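Tertiary structure, described
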Amino acid sequence: MRSVVLKYVRRTPRVIVAEGFVRSESDPRRWYNVFVEIDRRTCTVLHARCTCDDFYYRKRLCKHIYALYREVTKYGCAP
Ligand SMILES: [Zn+2]
């Protein structure tokens, strides 16, 4: 079952910017809207957002952000 659906991925020499939907593990009918911006030199997250409660209340990177991150960096970050 597919759990990440990309809306777009933009790659510049400096960053990867992506947005997509990531499926909830506890409720497979529910999808979260996730955004991530990744530094291509260090492969680290610069900015991220997710519509799940975990991110909303704790303001820290949640598993949905990591799922999108893994999807767009599976071939590496380097330009
Ligand atoms: Zn989340």
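Residues numbered from 1 in each chain as written. Predicted model: local features only at pLDDT ≥ 70, side-chain atom pairs only at ≥ 80, totals over all residues.

1. Some details on the overall build of the protein chain
Within the protein chain one finds two helices and four strands. What you see in the protein chain, going N to C, is helices and strands ordered as β-β-β-β-α-α. At 12 Å, the protein chain has a C-alpha radius of gyration in line with the 12 Å of a compact globule built from 79 residues. Overall, the C-alpha framework of the protein chain stretches about 35 × 30 × 15 Å when taken along its three principal axes. Here the protein chain, with 79 residues, has 19% of them falling under the buried criterion. (Helix = DSSP H or I, 4+ residues; strand = E, 2+ residues; numbered from the N terminus. Rg over C-alpha atoms; globule rule 2.2 N^0.38 Å. Buried ≥ 20, exposed ≤ 12 C-beta atoms within 10 Å, placed from the backbone.)

2. Structural notes on the environment of A48
Tracing the backbone through its elements, the reader meets A48 in strand β4 (residues 44-50). The exposure class of A48 is partly exposed, given the 19 C-beta atoms found within 10 Å. As for A48 and R60, which are separated by 12 residues in sequence, their C-alpha atoms are 9.0 Å apart. Among all residues touching A48, those that are not within four sequence positions of it are F35, V36, L61 and I65. (Contact = placed C-beta atoms within 7 Å.)

3. Remarks on the environment of T51
By the secondary structure assignment, T51 is in the loop between β4 and α1 (53-58). On the neighbour-count criterion, T51 (16 C-beta atoms within 10 Å) is partly exposed. In this structure T51 touches Y32 and N33, once residues within four positions along its chain are discounted.

4. Topic: the sheet that holds strand β1 (residues 4-11)
Two pairing modes exist for strands in a sheet, parallel and antiparallel, and in both the strands are linked by backbone hydrogen bonds. Spatial strand order, β1-β2-β3-β4: four strands in an open sheet with antiparallel pairing. Only two strands of the sheet have a single neighbouring strand rather than two, namely β1 and β4. Taking each pair of neighbouring strands and ignoring which way they run, the sheet shows an average axis angle of 15°. Judged from the seven bridges that link them, β1 and strand β2 (residues 15-23) form a sheet pairing that is antiparallel. By the bridge assignment, R11 is partnered in β2 with I16. (Pairing = 2+ DSSP bridges. Axes fitted to C-alpha atoms, helices over the stretch in contact; angles between N-to-C directions.)

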